[in-house]
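For reference, the chains in residue letters:
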Number of protein chains: 2
Amino acid sequence: MHSLKLPDFEDVLRAANKIAGYSVKTPLLKCDDLSEKLSAEIFVKAECLQRVGAFKFRGAYNRLSRLSDDEKKRGVVAYSSGNHAQGVAASARLLGIDAVIVMPKDSPKMKLQNTINYGAEVITYDRATESREEIAAKISAERGCVVVPSFEDFYIIAGQGTAALEAIHQAKDYGTVFDIFMTPVGGGGLISGCSLAVKALSPNTEIYGVEPEGFNDVQRSLQSGKIESNPKPSGSICDAILTVHPEPMTYTIMSRNLSGVLTVTDEEALKAMKYAWEKLKLVVEPGACVALAAILHGKLDVKGKKICIVLSGGNVDEETFIKALNT
Amino acid sequence: MHSLKLPDFEDVLRAANKIAGYSVKTPLLKCDDLSEKLSAEIFVKAECLQRVGAFKFRGAYNRLSRLSDDEKKRGVVAYSSGNHAQGVAASARLLGIDAVIVMPKDSPKMKLQNTINYGAEVITYDRATESREEIAAKISAERGCVVVPSFEDFYIIAGQGTAALEAIHQAKDYGTVFDIFMTPVGGGGLISGCSLAVKALSPNTEIYGVEPEGFNDVQRSLQSGKIESNPKPSGSICDAILTVHPEPMTYTIMSRNLSGVLTVTDEEALKAMKYAWEKLKLVVEPGACVALAAILHGKLDVKGKKICIVLSGGNVDEETFIKALNT
């Protein structure tokens, strides 16, 4: 892995310049209720308020804006369970690029519909029997379009890091330096990018990722020292973060920068969604709620600490949301 | 009414100083989807993200912080369907003041529970047969505590105006000056206070209020030129804004500064709640959604215009929220 060209903090700064004016500078909100309950200072970075309703716009726009004129003409293809799909589709439209998105048939309806609404061509597949990588590779070969990975990419990782860059600057308005920075983890693009900003600007801040129970490939990879896979591709309500395994770039960055990875159950994620609805007035999807769920359910001792929790997206169907409200 | 001492823009600026560090500077969010659909530039001021989940904290904290030391010792009494209740209860706790809150029995459970959680003593009454003003006056006489009105008050009005002060400054980050500024209207405290900031900083901006159909006391008052009352005290899902009639201060300010008042149905408010959930990822309560509902349902020609819509609160029970999602 020594030959990998990994992004660094300067690349996050460059990404911030690139996406400025297109991305939303999402608010960093203090959680009074939770801070009081846990004798801590808890903040959320509300990426559910990002363009397309998820942080994924940051990386996708950064990636697509670096394409050559020739590549832009040929268009892009991406595969995604839904949030990267929307990020790529919306970025492609802003940049005048054609986009094909390969999505699982069982993606949340809202994510499928939004991706179509942003003007992308959507091709669905069966998560249990088909390989999205193969479908995308075939489309790329046939049409000559560029594959835009969902996380294992220099510019995608750098782009996602802008969420932490903003949060750290916004924390200054509260007179706060974070002791702990937490995000949900799927393939690790968000936490890898964020870790570049956190370690550069606030080296003593500990970084934790959170995965769904039974889909803790990153937790096991960091424990064993090599890339480990999840035994199954689906089966959690946290559809946005059910990646099979990390890839060399995200694995390497996470190995260097993370203090640990925690897990939560689907039930805990649903309770966190309800908490965000009730106390934060934010709509957060299951996979985007896992870091909040970990804190709400005492998976980390946070007493006296200053903590930033990324709520990474809010694209959720009525049915699932009502399930959370009835939890 | 010539003897009324009305607040002015300077009082809004003083209120902003008073509440700084306690209130949330809520985000001004651009609504891409709606802007595109209506060929306009639509922003929301997300007061559902305010402390206590509604703008009411602004006025309540400003009012309570002006009490004399003697008054603070004697405590306060307020009546409210729920958001002012929470605003007064939370402000009283921050300032070390005892608070009694008189609330209708049929207030949303969340509002009742939160008010108790902030440490206030809650006394319930029957909206159909009892007068909250009389109950509060009796408590005030018995205990010597100060009555804190929900809108007809110099400092309350000035405090609510800080929402517009912030929004106008935040709009500069988007390079925007609003053509239209809209808020929900109950007793008129929010829109009166906001109008002081809007007319001082942006005199060409038109100001519109929105009421529930059948509870359009302000609309009729401004049309007839005198204070008119609603025929009934309850019967709309928009519980937060079912005030019986405006009072001299808010009536006078609204008469001077408003371009008009629109109305929406309960069904339209519920659809706007669902829209806010789906596209804005914000939890908004029915009464707080009426200005958004008016725009979504074409009650005002907004083509080519730059519009600020205040989403004034997000305290809503599961049952009502699920009703909105099933709309």
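Calculation criteria
- Residues numbered from 1 in each chain as written.
- Chains lettered and ligands numbered in written order.
- Predicted model: local features only at pLDDT ≥ 70, side-chain atom pairs only at ≥ 80, totals over all residues.
- Heavy atoms only, no water.
- Pairing = 2+ DSSP bridges.
- Helix = DSSP H or I, 4+ residues; strand = E, 2+ residues; numbered from the N terminus.
- Contact = heavy atoms within 4.5 Å.
- Axes fitted to C-alpha atoms, helices over the stretch in contact; angles between N-to-C directions.
- Domains from an automatic or database assignment.
- Buried area = accessible area lost by both parts, 1.4 Å probe.
- Salt bridge = Lys/Arg side-chain N within 4 Å of Asp/Glu carboxyl O.
- Polar contact = N/O pair within 3.5 Å; in protein donor to acceptor, adjacent residues only side chain to side chain.
- Buried < 20%, exposed > 50% of the residue type's maximum accessible area, 1.4 Å probe, protein only.
- Nonpolar A, V, L, I, M, F, W, Y, C, P; charged D, E, K, R; others polar.
- Least-squares fit on C-alpha atoms with pLDDT ≥ 70 in both.
- Parallel < 35°, antiparallel > 145°, perpendicular 65-115°, else oblique.
- Left-handed = near helix turned anticlockwise from the far one by under 90°.

### A closer look at the sheet that holds strand β4 (residues 99-104) of chain A
Residues and elements named next belong to chain A.
Point 1. Strand order in the open sheet formed by four strands is β5-β4-β3-β6, with parallel pairing between adjacent strands. Because the sheet does not close on itself, it has two edges, and the strands there are β5 (121-125) and β6 (146-147).
Point 2. Sheet topology note: the strand β3 (residues 76-79)/β4 ladder contains four bridges and is parallel. Counterpart to Val76 in the pairing with β4 is Ala99.
Point 3. Helix-sheet contacts for helix α6 (residues 109-117) involve β4 and β5, and the interaxial angle to β4 is about 170°.

### Let's talk about the domain arrangement of chain A
Residues and elements named next belong to chain A.
Point 1. By domain assignment, chain A separates into domain 1 (9-55 + 155-325) and domain 2 (57-152).
Point 2. Distance between the C-alpha centres of domain 1 and domain 2: 23 Å.
Point 3. With both sides pooled, the region where domain 1 packs onto domain 2 buries about 2,900 Å², and carbon together with sulfur makes up 58% of that total.
Point 4. Linking domain 1 to domain 2 there are five salt bridges.
Point 5. Close ionic contact of Glu285 with Lys111 constitutes a salt bridge, the shortest N to O distance being 2.5 Å.
Point 6. The interface formed by domain 1 and domain 2 contains 17 residue pairs in polar contact (both at pLDDT 80 or more).

### Points about the pairing of strand β2 (residues 41-46) of chain B
All names here are of chain B.
Point 1. Along β2, five of the six residues are buried, which leaves the element largely enclosed by surrounding structure.
Point 2. Direction of pairing for strand β1 (residues 28-30) relative to β2: antiparallel, over a ladder of three bridges. In the sheet register, Lys30 faces β2, and the bridge partner there is Phe43.
Point 3. Two elements, β2 and strand β10 (residues 306-311), share six bridges in a ladder whose sense is parallel. Opposite Lys45, over in β10, you have Val310 as the bridge partner.

### Digging into the interface of chain A and chain B
Point 1. Taken together, the 28 residues of chain A in the interface contact 28 residues of chain B.
Point 2. A buried area of about 2,300 Å², summed over both sides, lies between chain A and chain B, and 62% of it is on carbon and sulfur atoms.
Point 3. Applying the counting criterion to the chain A and chain B interface returns four salt bridges.
Point 4. When the shortest N-O distance is used, the salt bridge between Lys274 of chain B and Glu318 of chain A registers 2.9 Å.
Point 5. At the junction of chain A with chain B, the criterion picks out ten residue pairs in polar contact (both at pLDDT 80 or more).
Point 6. At the level of secondary structure, the elements contributing two or more residues to the side of chain A that touches chain B comprise α2 (32-38), α6, α13 (266-280) and α15 (318-325) of chain A.
Point 7. Among the elements that make up the side of chain A that touches chain B, the one with the highest residue count is α13 of chain A (five residues).
Point 8. Of the residues belonging to the side of chain A that touches chain B, the class tally is 13 nonpolar, five polar and ten charged.

### Some details on the relation of the copies chain A and chain B
Point 1. Between chain A and chain B, which share one sequence, the superposing operator has a rotation angle of 180° and an axial displacement of 0.0 Å; the RMSD is 0.0 Å. Taken together, the rotation angle and the small translation identify this as a two-fold axis. Using C-alpha coordinates, one finds that chain A approaches the rotation axis most closely at Leu282 of chain A, a distance of 2.5 Å.
Point 2. A high fraction, 100%, of the interface residues of chain A reappear at the interface in chain B, so the copies pair face to face through one surface.

### Brief notes about the packing of helix α10 (residues 189-201) of chain A against helix α12 (residues 248-257) of chain A
Residue and element names in this part refer to chain A.
Point 1. One way to put it is that α10 packs onto α12 with a least axis distance of 9 Å and a crossing angle of 45°. Considering the angle they form, α10 stands oblique to α12. Between α10 and α12 lies a crossing whose hand is left-handed. Note on element contacts: α12 touches α10 through Thr250, Ile253, Met254 and Asn257, opposite Gly189, Ile191, Ser192, Ser195, Leu196 and Lys199.
Point 2. Among the residues making up the contact of α10 with α12, the classes are represented as four nonpolar, five polar and one charged.

### Overview of the pattern of salt bridges
In a structure, side chains of opposite charge can pair up when their charged atoms sit close to one another.
Point 1. Going through the model one piece at a time under the given rule, you end up with 38 salt bridges over all chains.
Point 2. Arg58 of chain A serves as the salt-bridge partner of Glu47 of chain A, at 2.6 Å between the closest nitrogen and oxygen. Taken together, the positions of Glu47 of chain A in the loop between β2 (41-46) and α3 (56-64) and Arg58 of chain A in helix α3 put the pair eleven residues apart, joining distant regions of the chain. Summarising the burial analysis for this pair, Glu47 of chain A and Arg58 of chain A share the class buried.
Point 3. With a shortest N-O distance of 3.2 Å, Glu36 of chain B and Arg93 of chain A are connected by a salt bridge. Here Glu36 of chain B, found in helix α2 (residues 32-38), pairs with Arg93 of chain A, found in helix α5 (residues 83-95), and the two come from separate chains.
Point 4. Taken together, the salt bridges that share partners define one network made up of Asp33, Lys37, Glu278 and Lys279 of chain A.

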